[in-house]
Amino acid sequence: MTELFLHYLWQFQYFNKRTLQTTRGEDIQIFNPGHRNSDAGPDFFDARIRIGDMVWVGSVEIHILAAGWMEHQHDKDEAYENVVLHVVWNNNKPVQRNDGSWLPTLELKNRVEEKLLLNYKRLINNPESIPCASKLSQVSQLIKISMADRVVIDRLDAKAQIVMKMHQRNQQNWEETFYQLLARNFGFKVNNDPFQQLAQCIPYKYLLKHGDSLMQMEALLFGQAGFLEESLDDPYYVLLQREYKILGQKYQLVQRKLKKVQWRFLRLRPANFPTVRIAQLAAVLHHGRSLFSSVLETNSGNALYDFFSVGLSPYWMRHYQFGKEYSTPKNSLGRASVDNIIINTVAPLLVAYGKSTDDQVFVDRAVLILQTIPAESNRITRQWKILGVSVKTGFDSQAMVELFNSFCLKRRCLDCNIGASLVNPNPK
(Lines give C-alpha, C1' and ligand atoms only; values in the text may rest on other atoms or scores of the structure.)
Protein backbone atom coordinates (compact mmCIF):
# COMPACT_ATOMS: atom_id res chain seq x y z
CA MET A 1 0.00 0.00 0.00
CA THR A 2 1.23 3.50 -0.82
CA GLU A 3 -0.10 6.96 -0.05
CA LEU A 4 -0.11 7.64 -3.79
CA PHE A 5 -2.67 4.86 -4.23
CA LEU A 6 -4.75 6.29 -1.39
CA HIS A 7 -4.62 9.72 -3.05
CA TYR A 8 -5.91 8.08 -6.22
CA LEU A 9 -8.73 6.33 -4.37
CA TRP A 10 -9.79 9.55 -2.67
CA GLN A 11 -9.46 11.81 -5.70
CA PHE A 12 -11.67 9.58 -7.86
CA GLN A 13 -13.74 8.21 -4.97
CA TYR A 14 -12.98 4.61 -5.89
CA PHE A 15 -14.29 3.01 -2.71
CA ASN A 16 -17.58 1.79 -1.30
CA LYS A 17 -19.49 4.84 0.00
CA ARG A 18 -22.53 3.02 1.35
CA THR A 19 -23.20 3.76 5.03
CA LEU A 20 -20.02 5.80 5.15
CA GLN A 21 -18.96 6.61 8.72
CA THR A 22 -16.03 7.90 10.69
CA THR A 23 -14.21 5.49 12.97
CA ARG A 24 -16.31 6.91 15.84
CA GLY A 25 -19.62 6.20 14.10
CA GLU A 26 -20.47 9.65 12.64
CA ASP A 27 -22.19 9.58 9.23
CA ILE A 28 -20.16 10.98 6.31
CA GLN A 29 -21.41 12.44 3.05
CA ILE A 30 -18.83 13.66 0.53
CA PHE A 31 -19.99 16.53 -1.67
CA ASN A 32 -16.55 17.41 -3.03
CA PRO A 33 -13.30 15.50 -2.28
CA GLY A 34 -11.28 18.69 -2.85
CA HIS A 35 -8.36 19.53 -5.08
CA ARG A 36 -5.01 17.74 -5.05
CA ASN A 37 -2.29 19.80 -3.38
CA SER A 38 1.15 19.53 -4.98
CA ASP A 39 2.78 21.91 -2.49
CA ALA A 40 3.42 21.72 1.26
CA GLY A 41 0.43 21.21 3.52
CA PRO A 42 -2.58 18.87 3.55
CA ASP A 43 -3.05 16.52 0.58
CA PHE A 44 -6.37 17.95 -0.62
CA PHE A 45 -7.87 21.38 -0.08
CA ASP A 46 -11.33 22.94 -0.54
CA ALA A 47 -13.12 19.67 0.24
CA ARG A 48 -16.82 19.88 1.20
CA ILE A 49 -17.98 17.11 3.50
CA ARG A 50 -20.90 16.51 5.86
CA ILE A 51 -19.86 14.84 9.11
CA GLY A 52 -22.79 14.11 11.37
CA ASP A 53 -25.13 17.13 11.16
CA MET A 54 -22.40 19.63 10.18
CA VAL A 55 -21.14 20.50 6.68
CA TRP A 56 -17.42 21.29 6.67
CA VAL A 57 -15.28 23.01 4.05
CA GLY A 58 -11.57 22.47 4.51
CA SER A 59 -8.65 20.13 3.89
CA VAL A 60 -8.25 16.36 3.81
CA GLU A 61 -5.06 14.63 4.94
CA ILE A 62 -4.21 11.07 3.89
CA HIS A 63 -1.99 8.47 5.56
CA ILE A 64 -1.53 4.72 5.31
CA LEU A 65 -1.61 4.46 9.11
CA ALA A 66 -3.49 6.91 11.30
CA ALA A 67 -0.39 7.21 13.48
CA GLY A 68 1.26 9.00 10.56
CA TRP A 69 -0.47 12.16 11.75
CA MET A 70 1.70 12.25 14.86
CA GLU A 71 4.82 10.82 13.19
CA HIS A 72 4.78 13.64 10.63
CA GLN A 73 4.13 16.14 13.44
CA HIS A 74 1.00 17.55 11.82
CA ASP A 75 -0.31 18.16 15.35
CA LYS A 76 2.34 20.88 15.70
CA ASP A 77 1.83 22.45 12.27
CA GLU A 78 -0.70 25.29 11.91
CA ALA A 79 -1.12 24.42 8.22
CA TYR A 80 -3.08 21.33 9.29
CA GLU A 81 -5.51 23.05 11.64
CA ASN A 82 -8.15 23.27 8.90
CA VAL A 83 -8.14 19.51 8.19
CA VAL A 84 -11.76 18.35 8.41
CA LEU A 85 -11.20 14.66 7.62
CA HIS A 86 -8.31 12.24 8.11
CA VAL A 87 -8.42 9.46 5.48
CA VAL A 88 -6.38 6.36 6.33
CA TRP A 89 -5.97 2.80 5.16
CA ASN A 90 -5.64 1.47 8.71
CA ASN A 91 -6.87 3.31 11.78
CA ASN A 92 -4.14 1.93 14.04
CA LYS A 93 -4.19 4.85 16.45
CA PRO A 94 -7.02 7.34 17.13
CA VAL A 95 -5.86 10.93 16.66
CA GLN A 96 -6.81 13.94 18.73
CA ARG A 97 -6.46 17.62 17.90
CA ASN A 98 -4.51 20.01 20.13
CA ASP A 99 -7.76 21.06 21.84
CA GLY A 100 -8.48 17.45 22.79
CA SER A 101 -11.24 16.86 20.22
CA TRP A 102 -11.12 13.72 18.09
CA LEU A 103 -10.00 14.19 14.49
CA PRO A 104 -12.73 12.70 12.23
CA THR A 105 -11.17 9.69 10.52
CA LEU A 106 -12.29 7.53 7.60
CA GLU A 107 -10.75 4.04 7.26
CA LEU A 108 -10.67 2.61 3.72
CA LYS A 109 -9.12 -0.87 4.03
CA ASN A 110 -12.47 -2.72 3.94
CA ARG A 111 -14.06 -0.46 1.34
CA VAL A 112 -11.79 -1.02 -1.69
CA GLU A 113 -12.19 -3.82 -4.24
CA GLU A 114 -9.32 -6.29 -4.12
CA LYS A 115 -9.11 -6.23 -7.92
CA LEU A 116 -8.35 -2.51 -7.88
CA LEU A 117 -5.39 -2.98 -5.57
CA LEU A 118 -4.19 -5.99 -7.56
CA ASN A 119 -4.28 -4.03 -10.85
CA TYR A 120 -2.23 -1.26 -9.25
CA LYS A 121 0.40 -3.63 -7.87
CA ARG A 122 0.75 -5.41 -11.22
CA LEU A 123 1.22 -2.11 -12.99
CA ILE A 124 3.86 -0.47 -10.80
CA ASN A 125 5.74 -3.76 -10.25
CA ASN A 126 6.00 -4.48 -13.96
CA PRO A 127 9.73 -4.67 -14.81
CA GLU A 128 9.18 -3.19 -18.27
CA SER A 129 10.41 0.40 -18.76
CA ILE A 130 6.86 1.26 -19.86
CA PRO A 131 4.75 -0.41 -17.13
CA CYS A 132 1.54 -0.51 -19.16
CA ALA A 133 3.18 -1.88 -22.32
CA SER A 134 1.18 -5.13 -22.40
CA LYS A 135 -2.11 -3.32 -21.65
CA LEU A 136 -1.67 -0.20 -23.77
CA SER A 137 -3.83 -1.50 -26.61
CA GLN A 138 -6.78 -1.64 -24.20
CA VAL A 139 -6.67 2.11 -23.59
CA SER A 140 -8.95 4.31 -25.68
CA GLN A 141 -7.40 6.71 -28.17
CA LEU A 142 -9.16 9.61 -26.46
CA ILE A 143 -7.35 8.91 -23.19
CA LYS A 144 -4.00 8.63 -24.97
CA ILE A 145 -4.54 11.92 -26.81
CA SER A 146 -5.61 13.73 -23.64
CA MET A 147 -2.44 12.55 -21.87
CA ALA A 148 -0.26 13.56 -24.81
CA ASP A 149 -1.76 17.05 -24.80
CA ARG A 150 -1.20 17.33 -21.06
CA VAL A 151 2.45 16.25 -21.03
CA VAL A 152 3.44 18.40 -24.03
CA ILE A 153 2.15 21.48 -22.23
CA ASP A 154 3.97 20.39 -19.08
CA ARG A 155 7.18 19.93 -21.04
CA LEU A 156 6.89 23.28 -22.81
CA ASP A 157 6.14 25.02 -19.51
CA ALA A 158 9.21 23.48 -17.86
CA LYS A 159 11.45 24.50 -20.75
CA ALA A 160 9.92 27.97 -20.82
CA GLN A 161 10.78 28.42 -17.13
CA ILE A 162 14.43 27.79 -17.96
CA VAL A 163 14.27 30.35 -20.77
CA MET A 164 12.62 32.94 -18.52
CA LYS A 165 15.34 32.53 -15.88
CA MET A 166 17.94 33.01 -18.61
CA HIS A 167 16.02 36.08 -19.74
CA GLN A 168 16.21 37.54 -16.22
CA ARG A 169 19.97 36.94 -16.06
CA ASN A 170 20.29 38.80 -19.35
CA GLN A 171 18.51 41.92 -18.02
CA GLN A 172 15.34 41.13 -20.04
CA ASN A 173 17.23 41.10 -23.34
CA TRP A 174 15.41 38.65 -25.62
CA GLU A 175 17.99 38.78 -28.42
CA GLU A 176 20.80 37.82 -26.05
CA THR A 177 18.63 35.13 -24.47
CA PHE A 178 17.77 33.56 -27.81
CA TYR A 179 21.41 33.68 -28.87
CA GLN A 180 22.53 31.85 -25.71
CA LEU A 181 19.73 29.30 -25.95
CA LEU A 182 20.47 28.69 -29.62
CA ALA A 183 24.19 28.30 -28.95
CA ARG A 184 23.55 25.80 -26.16
CA ASN A 185 21.39 23.65 -28.41
CA PHE A 186 24.04 23.63 -31.12
CA GLY A 187 25.88 21.36 -28.69
CA PHE A 188 23.25 18.65 -29.35
CA LYS A 189 23.52 17.29 -25.77
CA VAL A 190 27.17 16.18 -25.95
CA ASN A 191 28.58 19.71 -26.04
CA ASN A 192 25.66 21.73 -24.63
CA ASP A 193 27.60 23.10 -21.65
CA PRO A 194 30.68 24.40 -23.51
CA PHE A 195 28.45 25.96 -26.16
CA GLN A 196 26.47 27.78 -23.47
CA GLN A 197 29.70 28.94 -21.82
CA LEU A 198 30.93 30.16 -25.20
CA ALA A 199 27.80 32.25 -25.73
CA GLN A 200 28.00 33.67 -22.21
CA CYS A 201 31.62 34.80 -22.58
CA ILE A 202 31.17 36.46 -25.98
CA PRO A 203 28.07 38.70 -25.96
CA TYR A 204 25.86 38.75 -29.02
CA LYS A 205 26.37 42.50 -29.44
CA TYR A 206 30.04 41.94 -30.31
CA LEU A 207 29.14 39.40 -32.98
CA LEU A 208 26.53 41.76 -34.42
CA LYS A 209 29.19 44.44 -34.92
CA HIS A 210 30.88 42.07 -37.34
CA GLY A 211 27.73 40.62 -38.87
CA ASP A 212 28.83 41.56 -42.40
CA SER A 213 31.89 39.32 -42.18
CA LEU A 214 31.45 35.58 -41.68
CA MET A 215 35.20 35.26 -41.33
CA GLN A 216 35.31 37.68 -38.39
CA MET A 217 32.37 35.94 -36.72
CA GLU A 218 34.22 32.64 -37.05
CA ALA A 219 37.38 34.24 -35.67
CA LEU A 220 35.51 35.47 -32.59
CA LEU A 221 33.73 32.17 -31.96
CA PHE A 222 36.62 29.81 -32.66
CA GLY A 223 39.08 32.01 -30.80
CA GLN A 224 36.83 32.32 -27.76
CA ALA A 225 36.19 28.56 -27.87
CA GLY A 226 39.93 27.92 -27.54
CA PHE A 227 40.48 26.38 -30.98
CA LEU A 228 43.04 28.93 -32.23
CA GLU A 229 45.89 28.22 -29.82
CA GLU A 230 48.03 25.93 -31.98
CA SER A 231 50.53 26.47 -34.81
CA LEU A 232 49.11 25.05 -38.01
CA ASP A 233 50.26 25.32 -41.61
CA ASP A 234 46.78 26.33 -42.74
CA PRO A 235 46.24 29.79 -44.29
CA TYR A 236 42.61 30.13 -43.13
CA TYR A 237 43.51 29.03 -39.61
CA VAL A 238 46.31 31.60 -39.49
CA LEU A 239 43.91 34.28 -40.77
CA LEU A 240 41.40 33.51 -37.99
CA GLN A 241 44.22 33.52 -35.41
CA ARG A 242 45.33 36.99 -36.46
CA GLU A 243 41.78 38.31 -36.56
CA TYR A 244 40.95 36.94 -33.11
CA LYS A 245 44.12 38.40 -31.64
CA ILE A 246 42.92 41.86 -32.68
CA LEU A 247 39.21 41.41 -31.82
CA GLY A 248 39.85 39.49 -28.62
CA GLN A 249 41.98 42.31 -27.27
CA LYS A 250 39.58 44.96 -28.53
CA TYR A 251 36.63 43.47 -26.63
CA GLN A 252 38.71 42.20 -23.69
CA LEU A 253 37.65 38.60 -24.32
CA VAL A 254 40.97 36.79 -24.05
CA GLN A 255 40.87 36.24 -20.29
CA ARG A 256 37.46 34.58 -20.49
CA LYS A 257 38.00 32.18 -23.38
CA LEU A 258 37.45 28.44 -23.10
CA LYS A 259 40.03 25.70 -23.46
CA LYS A 260 40.00 23.22 -26.31
CA VAL A 261 40.00 20.34 -23.84
CA GLN A 262 36.49 21.34 -22.73
CA TRP A 263 35.05 20.22 -26.06
CA ARG A 264 34.15 16.59 -26.70
CA PHE A 265 35.02 14.83 -29.97
CA LEU A 266 35.10 11.22 -28.77
CA ARG A 267 32.50 8.90 -30.32
CA LEU A 268 31.07 11.69 -32.47
CA ARG A 269 30.66 11.41 -36.21
CA PRO A 270 32.77 14.05 -37.99
CA ALA A 271 29.63 15.94 -39.04
CA ASN A 272 28.85 16.42 -35.33
CA PHE A 273 32.31 17.65 -34.31
CA PRO A 274 32.08 20.86 -32.24
CA THR A 275 34.26 22.60 -34.86
CA VAL A 276 31.57 21.94 -37.49
CA ARG A 277 28.80 23.01 -35.11
CA ILE A 278 30.57 26.28 -34.31
CA ALA A 279 30.94 26.97 -38.04
CA GLN A 280 27.21 26.27 -38.49
CA LEU A 281 26.33 28.59 -35.61
CA ALA A 282 28.48 31.33 -37.11
CA ALA A 283 26.71 30.92 -40.46
CA VAL A 284 23.25 31.18 -38.85
CA LEU A 285 24.27 34.29 -36.88
CA HIS A 286 25.79 35.82 -40.00
CA HIS A 287 22.71 35.29 -42.19
CA GLY A 288 20.09 36.15 -39.57
CA ARG A 289 20.85 39.47 -37.88
CA SER A 290 17.72 39.93 -35.76
CA LEU A 291 17.39 36.35 -34.61
CA PHE A 292 14.67 36.84 -32.05
CA SER A 293 12.52 39.14 -34.19
CA SER A 294 12.77 36.76 -37.14
CA VAL A 295 11.63 33.80 -35.08
CA LEU A 296 8.69 35.71 -33.58
CA GLU A 297 7.38 36.41 -37.07
CA THR A 298 7.65 32.78 -38.20
CA ASN A 299 4.70 30.43 -37.84
CA SER A 300 5.67 27.24 -39.68
CA GLY A 301 8.33 24.57 -39.56
CA ASN A 302 9.17 25.06 -43.24
CA ALA A 303 9.87 28.77 -42.78
CA LEU A 304 12.14 28.00 -39.84
CA TYR A 305 13.91 25.34 -41.88
CA ASP A 306 14.69 27.98 -44.51
CA PHE A 307 15.92 30.32 -41.78
CA PHE A 308 18.37 27.81 -40.31
CA SER A 309 19.45 26.10 -43.54
CA VAL A 310 22.27 28.44 -44.51
CA GLY A 311 25.48 27.85 -46.38
CA LEU A 312 28.76 27.59 -44.50
CA SER A 313 31.98 29.32 -45.41
CA PRO A 314 33.89 27.58 -48.24
CA TYR A 315 36.51 26.36 -45.76
CA TRP A 316 33.99 24.42 -43.68
CA MET A 317 32.45 22.86 -46.74
CA ARG A 318 35.74 20.97 -47.07
CA HIS A 319 36.82 20.46 -43.45
CA TYR A 320 35.67 18.83 -40.23
CA GLN A 321 38.63 20.15 -38.25
CA PHE A 322 41.30 22.74 -38.87
CA GLY A 323 44.10 21.55 -41.12
CA LYS A 324 42.39 18.36 -42.32
CA GLU A 325 40.74 18.67 -45.71
CA TYR A 326 38.26 16.11 -47.00
CA SER A 327 37.04 15.58 -50.52
CA THR A 328 33.26 15.57 -50.07
CA PRO A 329 32.08 16.67 -46.62
CA LYS A 330 28.62 18.24 -46.41
CA ASN A 331 28.51 20.33 -43.29
CA SER A 332 25.31 22.31 -43.67
CA LEU A 333 22.67 21.66 -41.03
CA GLY A 334 20.54 18.67 -41.95
CA ARG A 335 16.79 18.55 -41.60
CA ALA A 336 16.94 16.45 -38.42
CA SER A 337 19.33 18.94 -36.82
CA VAL A 338 17.08 21.87 -37.71
CA ASP A 339 14.07 20.02 -36.31
CA ASN A 340 16.03 19.47 -33.10
CA ILE A 341 16.78 23.20 -32.86
CA ILE A 342 13.13 24.07 -33.48
CA ILE A 343 11.98 21.68 -30.75
CA ASN A 344 14.55 22.66 -28.13
CA THR A 345 15.10 26.34 -28.94
CA VAL A 346 12.29 27.94 -30.91
CA ALA A 347 9.26 26.31 -29.26
CA PRO A 348 10.40 26.95 -25.66
CA LEU A 349 11.35 30.51 -26.58
CA LEU A 350 7.90 31.23 -28.04
CA VAL A 351 6.18 29.81 -24.97
CA ALA A 352 8.42 31.82 -22.63
CA TYR A 353 7.76 35.01 -24.59
CA GLY A 354 4.01 34.32 -24.69
CA LYS A 355 3.89 33.80 -20.94
CA SER A 356 6.01 36.85 -20.14
CA THR A 357 3.82 39.07 -22.34
CA ASP A 358 0.58 37.28 -21.41
CA ASP A 359 -0.08 36.55 -25.09
CA GLN A 360 -1.45 33.09 -25.80
CA VAL A 361 -0.83 33.54 -29.53
CA PHE A 362 2.84 32.66 -29.16
CA VAL A 363 2.12 29.60 -27.01
CA ASP A 364 -0.36 28.35 -29.62
CA ARG A 365 2.18 29.05 -32.35
CA ALA A 366 4.78 26.92 -30.57
CA VAL A 367 2.32 24.02 -30.42
CA LEU A 368 1.36 24.49 -34.07
CA ILE A 369 5.01 24.46 -35.17
CA LEU A 370 5.63 21.21 -33.27
CA GLN A 371 2.65 19.72 -35.09
CA THR A 372 4.12 20.61 -38.50
CA ILE A 373 7.62 19.11 -38.15
CA PRO A 374 8.61 15.43 -38.24
CA ALA A 375 8.96 13.44 -35.04
CA GLU A 376 12.32 12.87 -33.42
CA SER A 377 13.75 9.39 -33.78
CA ASN A 378 15.40 8.18 -30.61
CA ARG A 379 15.42 5.26 -28.20
CA ILE A 380 12.28 6.44 -26.43
CA THR A 381 10.14 7.17 -29.49
CA ARG A 382 11.12 3.83 -30.99
CA GLN A 383 9.82 2.04 -27.88
CA TRP A 384 6.45 3.72 -28.22
CA LYS A 385 6.24 2.91 -31.93
CA ILE A 386 6.85 -0.78 -31.20
CA LEU A 387 3.80 -0.61 -28.91
CA GLY A 388 1.71 0.77 -31.75
CA VAL A 389 1.67 4.41 -30.65
CA SER A 390 1.53 6.91 -33.52
CA VAL A 391 4.60 9.17 -33.33
CA LYS A 392 4.57 11.24 -36.49
CA THR A 393 5.19 14.87 -35.49
CA GLY A 394 7.45 16.81 -33.17
CA PHE A 395 4.41 17.25 -30.93
CA ASP A 396 4.00 13.46 -30.71
CA SER A 397 7.66 12.76 -29.99
CA GLN A 398 7.88 15.45 -27.30
CA ALA A 399 4.78 13.99 -25.68
CA MET A 400 6.19 10.47 -25.65
CA VAL A 401 9.58 11.58 -24.33
CA GLU A 402 7.95 13.53 -21.49
CA LEU A 403 5.53 10.71 -20.70
CA PHE A 404 8.36 8.18 -20.53
CA ASN A 405 10.75 10.31 -18.45
CA SER A 406 8.29 11.93 -16.05
CA PHE A 407 5.75 9.15 -15.59
CA CYS A 408 6.89 5.71 -16.80
CA LEU A 409 10.40 5.73 -15.34
CA LYS A 410 9.13 7.20 -12.05
CA ARG A 411 6.20 4.76 -11.91
CA ARG A 412 3.73 7.64 -11.62
CA CYS A 413 1.04 5.46 -13.18
CA LEU A 414 -1.75 6.84 -11.02
CA ASP A 415 -0.88 10.40 -12.06
CA CYS A 416 -1.11 9.33 -15.70
CA ASN A 417 -4.46 9.23 -17.48
CA ILE A 418 -3.42 6.00 -19.19
CA GLY A 419 -2.25 4.22 -16.03
CA ALA A 420 -5.20 5.42 -13.97
CA SER A 421 -7.62 4.07 -16.58
CA LEU A 422 -5.95 0.65 -16.42
CA VAL A 423 -6.09 0.42 -12.64
CA ASN A 424 -9.85 0.91 -12.72
CA PRO A 425 -11.00 0.34 -16.32
CA ASN A 426 -14.72 0.30 -15.40
CA PRO A 427 -15.29 3.12 -12.89
CA LYS A 428 -18.85 3.47 -11.63
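Look a little higher up for the structure.
In what follows, the accompanying structure is described. The structure presented is a predicted model; accordingly, all values stated were derived computationally and were not measured.

Before going further, it helps to examine the pattern of salt bridges. Any two side chains of opposite charge can pair if their charged atoms end up close together. This structure, assessed with the given rule, holds nine salt bridges. The partner of Lys260 in a salt bridge is Glu230, and the shortest N-O contact between them spans 2.6 Å. Remark: Glu230 occurs in the loop between α8 (214-224) and α9 (235-250) and Lys260 occurs in the loop between α9 and α10 (274-287); sequence separation between them is 30 residues. Take Glu230: its relative accessible area is 34%, and that puts it in the partly exposed class. One network of salt bridges, in which partners are shared, links Arg36, Arg412 and Asp415.

With that settled, the discussion passes to the packing of helix α5 (residues 174-185) against helix α6 (residues 192-201). For the pair α5 and α6, the least separation of the axes is 7 Å and the interaxial angle reads 150°. Our classification of the angle between α5 and α6 gives roughly antiparallel. Seen from above, α5 lies across α6 with right-handed handedness. Contacts from Glu176, Tyr179, Gln180, Ala183, Arg184 and Asn185 of α5 reach α6 at Asn192, Asp193, Phe195, Gln196, Leu198, Ala199 and Gln200. For the contact of α5 with α6, a count of residues per class yields five nonpolar, five polar and three charged.

Moving on to the nonpolar core. In this structure, Trp10, Leu85, Phe308, Trp384 and Leu403 are the most contacted members of the largest nonpolar core, which totals 135 residues. In terms of residues, this core owes the most to one element, helix α13 (residues 335-356), which gives 11 residues. Excluding residues that lie within four positions of it along the chain, Trp384 makes contacts with Ile130, Leu136, Val389, Val391, Met400, Leu403, Phe404 and Cys408. Among the nonpolar cores identified, the runner-up in size contains seven residues, and Ala66, Trp69, Val83 and Leu103 belong to it.

Positionally, Thr177 belongs in helix α5. A relative accessible area of 0% means that Thr177 is categorised as buried. Within the local environment of Thr177, its side chain forms a polar contact with the side chain of Asn170, the two groups lying 3.2 Å apart. Every residue in contact with Thr177, bar those within four places of it in the chain, is listed here: Val163, Met166, His167 and Asn170.

Moving on to empty space enclosed by the protein. Applying the stated criterion to the full structure yields one cavity of 30 Å³ or more. In this structure, the largest cavity encloses a volume near 80 Å³. Lining the largest cavity are Leu123, Pro131, Cys132, Trp384, Leu403, Phe407, Cys408, Arg412, Cys413, Cys416, Ile418 and Gly419. When residues of the lining of the largest cavity are traced back to their parent elements, those giving at least two are α16 (394-408) and α17 (417-423). Sorting elements by how many residues they give to the lining of the largest cavity places α16 first, with three residues. Looking at side-chain class alone, the lining of the largest cavity contains 10 nonpolar, one polar and one charged residues.

Within the fold, Tyr120 resides in helix α3 (residues 114-124). With 304 residues separating them along the chain, Tyr120 and Asn424 place their C-alpha atoms 8.6 Å apart. With residues near it in sequence (within four places) discarded, Tyr120 still touches Thr2, Phe5, Leu414 and Val423.

The subject of this paragraph is the packing of aromatic side chains. Counting across every chain of the model gives 28 aromatic pairs. Geometrically, the ring pair formed by Phe5 and Tyr120 is stacked, given 4.6 Å between the ring centres and 15° between the ring planes. Here the residue Phe5 occupies a position in helix α1 (residues 3-12), and Tyr120 occupies one in helix α3, the gap between them amounting to 115 residues. In this structure, Phe5 and Tyr120 share a single accessibility class: buried. The interplanar angle of 15° and the centroid separation of 4.3 Å between the aromatic rings of Tyr206 and Tyr251 together place this pair among those described as stacked. Pair noted here: Tyr206 is in helix α7 (residues 204-208) and Tyr251 is in the loop between α9 and α10, with a separation of 45 residues, a long-range link. Taken individually, Tyr206 and Tyr251 each receive the classification buried, so the pair is uniform in this respect. A connected cluster of aromatic rings, assembled from ring pairs, spans Phe195, Phe222, Phe227, Tyr236, Tyr237, Trp263, Phe265, Phe273, Tyr315, Trp316 and Phe322.

The rules behind the values
- Residues numbered from 1 in each chain as written.
- Predicted model: local features only at pLDDT ≥ 70, side-chain atom pairs only at ≥ 80, totals over all residues.
- Heavy atoms only, no water.
- Salt bridge = Lys/Arg side-chain N within 4 Å of Asp/Glu carboxyl O.
- Helix = DSSP H or I, 4+ residues; strand = E, 2+ residues; numbered from the N terminus.
- Buried < 20%, exposed > 50% of the residue type's maximum accessible area, 1.4 Å probe, protein only.
- Axes fitted to C-alpha atoms, helices over the stretch in contact; angles between N-to-C directions.
- Parallel < 35°, antiparallel > 145°, perpendicular 65-115°, else oblique.
- Left-handed = near helix turned anticlockwise from the far one by under 90°.
- Contact = heavy atoms within 4.5 Å.
- Nonpolar A, V, L, I, M, F, W, Y, C, P; charged D, E, K, R; others polar.
- Core = buried A, V, L, I, M, F, W, Y, C linked by side-chain atoms within 4.5 Å.
- Polar contact = N/O pair within 3.5 Å; in protein donor to acceptor, adjacent residues only side chain to side chain.
- 1 Å grid on protein atoms, 1.4 Å probe; cavity = no way out; pocket = protein on both sides within 12 Å on 5 of 7 lines; lining within 4 Å.
- Points joined across faces, edges and corners; volume = space filled by probe spheres on them.
- Phe/Tyr/Trp six-rings, centres within 6.5 Å; stacked < 30°, edge-to-face > 60°.

Take it as geometry only, folks, not as evidence of what the structure does.
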